[in-house]
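Descriptive structure summary
Chain residues, written in single-letter form:
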Amino acid sequence: MTYRPIVMASGTVMIVALMLLGCKKQDVGPAASASVTAVDAGKDGLSYHLVAGQCANQICPPAIELVRGQQQLDRAVLLFGGDAAELRPAQEDATLVLQPGIAAWTSGSDAAAVTTAIQSVTLEQDKPALLAQQSGGFEHVKRRYDLFAVQNGKLRKLWSAEDGAGPAYSAVFVVPAATAGAQDLVLMRGFTSAEAQPDDIKLERLHWNSASDSLKAGTASLPAVTAGRFTTVAKARAAAADGCHDRYAVVPGSAVGSTAGDFALIQIVPDQAAAASELARPCAASATKSLATFAPAAARQQE
Amino acid sequence: MVDITANVGAKLANKVHDVSLVEAMLRIVKNAKGAPYLAADYQHNWRDATKTAIIAFQTDHAKAIGAGQKGKEPLGEVLTGAATIAALNAALPATHKPLRIIPNTHTVYLEGAQADATASATAIRTDTEFESTFKSLLAQLVDTMYAQHKIVLKITPTGRRRTFAQQAAEVKTKAGPGESNHNWGRASDIGFKGFQWIQGNGAIKKDADWLNSLEAVSGVKSTQLWDARDALAKALPLYNLRPYEIIHLQLYREKTFNIFNSLVALMNSVGKMKWSASPRYSADFGLGGQLYAVGTSKQIWSGNAPISKIDLAAALNAHAKAKKLAKIYKVADIDAKMVSTYQAALKADFQAADTNWLKWTKVT
């Protein structure tokens, strides 16, 4: 706000000074960038915005902006970036496992494209956080996850995770917490060995602990849709290659409640609604799908 | 015998790899009571516990080391080439020799076997499924990694050339048949299978191709080893695909060519149709006219290219007109058998590219 020297009565000067003070208090940062989508960030009119990033060396990672009104309060650049900054609605990207209603955005093109999605996570009452999910790479695909919250009017990164090296895969699900109205994250990490071994899948439940002001990790189990049980891993993998079950994993039958020493073809889902949707998805293959609970060894030991 | 590169002790150089090495040795070597000299897991920063462990070892081996005596190492310090490091080496059990650490890293490991490195390099040099320049560079990488760091690099079970059929079976990739550098014998996934590193408690851990166990302990530590490999690869040069994949190395830098246009260029050379990757993929059905969208690489390879009957009829009619043939095709004339015939023909060009993989050249 510019100041123009004006000759006037002292009362008027006082009013003008107060107005200037008021204007200056609201000048808290640059203008917010044009965003493709936004998510509520809690009280005081705050919101998280997903915006196109700036490019360096042909890498243009999107950014998360914390916005109030038209003002950018803070900005955090995500790690993966395409070869162009513009964000456009993503075509179906099977490499990111997104819950219903979560939109994804692609930046870059062809082999250099990166997909990004954001969603709200209510860690506790009046603490809406933001989960940003990204998938990048072409020959080898990698996913990563970043969780942000607001602290003292700034973005604070609470947690990050990404696929491990090798034939690894992962997904993050937002699920209801034990506390009514709150949500937890469940990180699913899988690894498909090239040898005749079942997938190694781990689940980790992340719950916000306000006393320690951090996420606490614990074991988890989730619903799973099974598409058959097999005596060997090889038979299960052959069944998965029918063009309808390529998102399914081969796990020890014990992980889904079997005592037969067999192997199961399963897809882990975040909730019963997702399970119902997957059960209803038509497959030309003959495998009969059914509902089970996936509990990795660590979770079973705790029972 | 492994030595430190600079002195370790209070206010001495204390390079991270030297402290790691000394601490690891003190964690492995046990005193007369069967307890490690270093009670905690080894790490890379000088600390009081390091000094305590050094002094305890030097005291127990006073005759050989003479620490604190005139002309000898001060108590609590380990000097390069001096008696303490020599005594530590001598005290290591046979299972933990020979030890090694790469400068500026934090992971102590056992040297790999020369025979294994030679076998790995030889397997690459004699592999007929690699392009010659690439395999020469890859074998050099194996040789150099062993020469400099005594680490054996090995190709993963699926890390060699992949046929189009093998590529189609890969599910954790966006690259369809013909869209991976692996299909052209110009890429490899080469990692650390069998690498034996010393865990914090002194136990030996044998790791997998991707250093999964080390990564689970510390992403920083595993990345340091990949950095060491990639520093040598860069000099050759071979190129990686970071940040998306850490094990992959290829002949060409990713941004210097277009994998889709390169596939199309090869098919236009060895196939029977005319192709384009814009849109990806389009072809003239071998009829010499306009190009039509025919689906993705995976769809074409599966024999289920989504051919539009309208497009096929138009292509046939254009061909008939060009040849001054009387036949006119209606969309209703395009039956399933005809579609299937052209789906097979589209796949046949992909198969021709697969067969002629050595002729592939990079195109922008």
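Look up a bit, the structure's there.
Rules used throughout
Counting from 1, residues in each chain are numbered in the order their sequence is written. Labels follow written order: the first chain is A, the first ligand is 1, and so on. Confidence filtering applies because this is a predicted model: local features only for residues at pLDDT of at least 70, side-chain atom pairs given and counted only at 80 or more, and all residues used for totals across whole chains, interfaces and linings. In computing side-chain properties, one takes all heavy atoms of the structure into account and sets aside hydrogens as well as water. Between rings of Phe, Tyr and Trp, where Trp is taken as its six-membered ring, a pair exists when centres lie within 6.5 Å; planes separated by under 30 degrees are stacked, by over 60 edge-to-face, and by other angles tilted. Every helix listed is a DSSP run of H or I at least four residues long, and every strand listed is a run of E at least two residues long, numbered separately from the N terminus. Each residue's exposure class comes from its accessible area (1.4 Å probe, protein chains only) as a fraction of the maximum for that residue type: buried when under 20%, exposed when over 50%, partly exposed otherwise. Each ring is checked for a lysine NZ or an arginine CZ that lies within 6 Å of its centre and within 35 degrees of its normal; such an atom marks a charge sitting over the ring. When DSSP locates at least two bridges between a pair of strands, those strands are taken to pair. Lines are fitted to the C-alpha atoms to define the axes, a helix being fitted only along its stretch in contact, and any angle between axes, read from their N-to-C directions, falls within 0 to 180 degrees. Contacts: residue pairs with any heavy atoms within 4.5 Å of one another. Working convention for charge: Lys and Arg count positive, Asp and Glu count negative, and His plus the chain ends are omitted. Salt bridge, as used here: a side-chain nitrogen of Lys or Arg that lies within 4 Å of a carboxyl oxygen of Asp or Glu. Criterion for a disulfide: a pair of cysteine sulfur atoms within 2.5 Å. What a helix is expected to span follows from its residue count: subtract one and scale by 1.5 Å. Relevant arc is that of directions from the helix axis to the C-beta atoms, nothing else. Polar contacts, as used here, are pairs of N or O atoms within 3.5 Å; protein pairs need one atom able to donate a hydrogen and one able to accept it. Residues neighboring in sequence count only if both atoms are side-chain atoms. Computed with a 1.4 Å rolling probe, the buried area is the accessible surface lost when two parts are put together, summed over both parts. Three classes are used, and their members are as follows: Ala, Val, Leu, Ile, Met, Phe, Trp, Tyr, Cys and Pro are nonpolar, Asp, Glu, Lys and Arg are charged, and the others, Gly among them, are polar. Oblique is the label for every angle not falling under 35 degrees (roughly parallel), over 145 degrees (roughly antiparallel), or within 65 to 115 degrees (roughly perpendicular). Crossing handedness is defined as follows: a turn of the near helix away from the far one that is anticlockwise and smaller than a right angle gives a left-handed crossing, while the clockwise case is right-handed.

1. Some points on the packing of aromatic side chains
Residue and element names in this part refer to chain B. One pass over the full model with this rule turns up 19 aromatic pairs over all chains. Summarising the aromatic geometry, the rings of Tyr281 and Phe350 are spaced 6.0 Å apart at their centres and angled 90° between planes, so their arrangement reads as edge-to-face. Pair noted here: Tyr281 is in strand β10 (residues 280-283) and Phe350 is in helix α13 (residues 336-355), with a separation of 69 residues, a long-range link. Each member of the pair, Tyr281 as well as Phe350, is classed as buried. Put simply, the rings of Phe164, Trp184, Tyr252, Phe257, Trp275, Tyr281, Trp301, Phe350 and Trp360 touch in pairs and so form one group of aromatic residues. Across from the ring centre of Tyr42, 5.4 Å away, lies the NZ or CZ of Lys221, which sits over that ring. Residue placement shows Arg280 over the ring face of Phe260; its charged tip is 3.7 Å from the ring centre.

2. Re the sheet that holds strand β18 (residues 290-294) of chain A
All names here are of chain A. With respect to topology, 4 strands assemble into an open sheet ordered β16-β17-β15-β18, the strand pairing being antiparallel. At either margin of the open sheet sits one strand with a lone partner, and together these are β16 (249-252) and β18. Between one strand axis and the next, the sheet turns through 50° on average, direction left out of account. In the packing of helix α2 (residues 233-240) onto the sheet, the strands contacted are β15 (222-230), β16 and β17 (263-268), and the crossing angle to β17 comes to about 40°.

3. Structural notes on the side chain of Asp209(B)
Residue and element names in this part refer to chain B. When you line up the elements, Asp209 lands in the loop between β6 (204-206) and α8 (212-217). Despite its burial, Asp209 pairs with no opposite charge; the closest candidate is Lys193, at 4.9 Å N-O. Each residue touching Asp209, except ones within four places of it in the same chain, is listed here: Lys154, Thr156, Pro157, Gly191, Phe192, Lys193, Trp226 and Ile247.

4. Considering the state of the cysteines
Residue and element names in this part refer to chain A. Under the criterion given, the structure shown has 2 disulfides over all chains. Between the sulfur of Cys55 and that of Cys60 lies a disulfide, 2.0 Å long from S to S. Taking the sign of the torsion about the S-S bond as the criterion, the disulfide between Cys55 and Cys60, at about 110°, is right-handed. On the accessibility criterion, Cys55 (47% relative accessible area) is partly exposed. The disulfide that involves Cys244 links it to Cys283, with 1.6 Å between the sulfurs. On the sign convention where negative is left-handed, the bridge of Cys244 and Cys283, at about -85° about the S-S bond, is left-handed. Taken as a pair, Cys244 in the loop between α2 and β16 and Cys283 in the loop between α3 (272-280) and β18 lie far apart in primary sequence, 39 residues in all. With respect to class, Cys244 is no different from Cys283; both count as buried. When the bonded cysteines of chain A are numbered from the N-terminus onward, they pair as 1-2, 3-4.

5. Things to note about helix α12 (residues 309-322) of chain B
All names here are of chain B. For α12, with 14 residues, the first-to-last C-alpha span of 20 Å sits near the 20 Å given by 1.5 Å per residue. Among the residues making up α12, those that are buried are Leu312, Ala313, Ala315, Leu316 and Ala320. Angularly, the buried residues of α12 cover 160° about the axis, an arc narrow enough to put them on a single face. Opposite the buried face of α12, at more than 90 degrees from it, the exposed residues are Ile310, Lys321 and Ala322. The inward-facing, buried residues of α12 contact β11 (292-293) and α13. Downstream of α12 by a residue or two, Lys324 has a phi angle that is positive, lying close to 55°.

6. Considering helix α10 (residues 259-270) of chain B
Residue and element names in this part refer to chain B. Between its first and last C-alpha, α10 extends 17 Å over 12 residues, near the 16 Å set by a 1.5 Å rise per residue. Buried residues belonging to α10 abut α7 (164-169), β9 (275-277), β10 and α13. The backbone nitrogen of Phe260 has a side-chain oxygen 2.9 Å away, supplied by the residue at the start of α10, namely Asn258.

7. Considering the sheet that holds strand β14 (residues 214-218) of chain A
All names here are of chain A. Pairing is antiparallel in the open sheet, where 4 strands are placed in the order β11-β12-β13-β14. The strands lining the two open edges of the sheet, one partner per strand, are β11 (168-176) and β14. The average undirected angle you get between the axes of adjacent strands in this sheet is 25°.

8. Focus: the interface of chain A and chain B
Taken together, the contact pairs 28 residues of chain A with 27 residues of chain B. Buried surface at the junction of chain A and chain B, both sides included, amounts to about 2,300 Å², of which 57% is carbon and sulfur. Run the count over chain A and chain B and you get 1 salt bridge. Here Asp110(A) ties to Arg280(B) by a salt bridge, and the two come within 2.6 Å at their closest N and O atoms. The interface formed by chain A and chain B includes 10 residue pairs in polar contact (both at pLDDT 80 or more). Classifying every residue of the side of chain A that touches chain B by side-chain character gives 12 nonpolar, 10 polar and 6 charged.

9. Quick notes on the pairing of strand β4 (residues 187-191) of chain B
Regular strands place side chains that alternate from one sheet face to the opposite one. Residues and elements named next belong to chain B. The element β4 is largely enclosed, with a buried count of 5 among its 5 residues. Here β4 shows no split at all, with Ala187, Asp189 and Gly191 on one side and Ser188 and Ile190 on the other all buried. Strand direction decides the pairing type here: strand β3 (residues 154-155) and β4, joined by 2 bridges, are antiparallel. The partner of Ile155 across the bridge, within β4, is Ile190. Bridge count for β4 against strand β8 (residues 245-250) is 3 bridges, and the pairing is antiparallel. Following the sheet pairing, Asp189 is matched in β8 by His248.

10. Brief notes about the packing of helix α6 (residues 132-149) of chain B against helix α9 (residues 219-235) of chain B
All names here are of chain B. α9 packs onto α6 with a crossing angle of 125° between their chain directions and a minimal axis gap of 10 Å. The angle between α6 and α9 falls in the class oblique. In the crossing of α6 with α9, the sense of the turn from one axis to the other is right-handed. In this structure, α6 contributes Leu141, Thr144, Met145, Gln148 and His149 to the contact, and α9 contributes Leu225, Ala228, Arg229, Leu232 and Ala233.

11. Description of the pattern of salt bridges
Taken as a whole, this structure holds 25 salt bridges over all chains when the rule is applied. A salt bridge links Glu278(A) to Lys289(A); its shortest N-O distance comes to 3.5 Å. One end of the pair, Glu278(A), is in helix α3; the other, Lys289(A), is in the loop between α3 and β18, with 11 residues separating them in the sequence. On the accessibility criterion, Glu278(A) (7% relative accessible area) is buried. The class for Lys289(A) is buried, based on a relative accessible area of 16%. Of the charged contacts, one joins Arg242(B) and Asp230(B) as a salt bridge, the two residues approaching to 3.0 Å between their closest N and O atoms. In this pair, Arg242(B) is assigned in the loop between β7 (239-241) and β8 and Asp230(B) in helix α9, connecting sequence segments 12 residues apart. Arg242(B) sits in the partly exposed class, given a relative accessible area of 31%. Taking the relative accessible area as the measure of exposure, Asp230(B) reaches 9% and is therefore buried. Taken together, the shared-partner salt bridges connect Lys142(A), Arg144(A), Asp146(A), Lys157(A) and Glu162(A) into one network.

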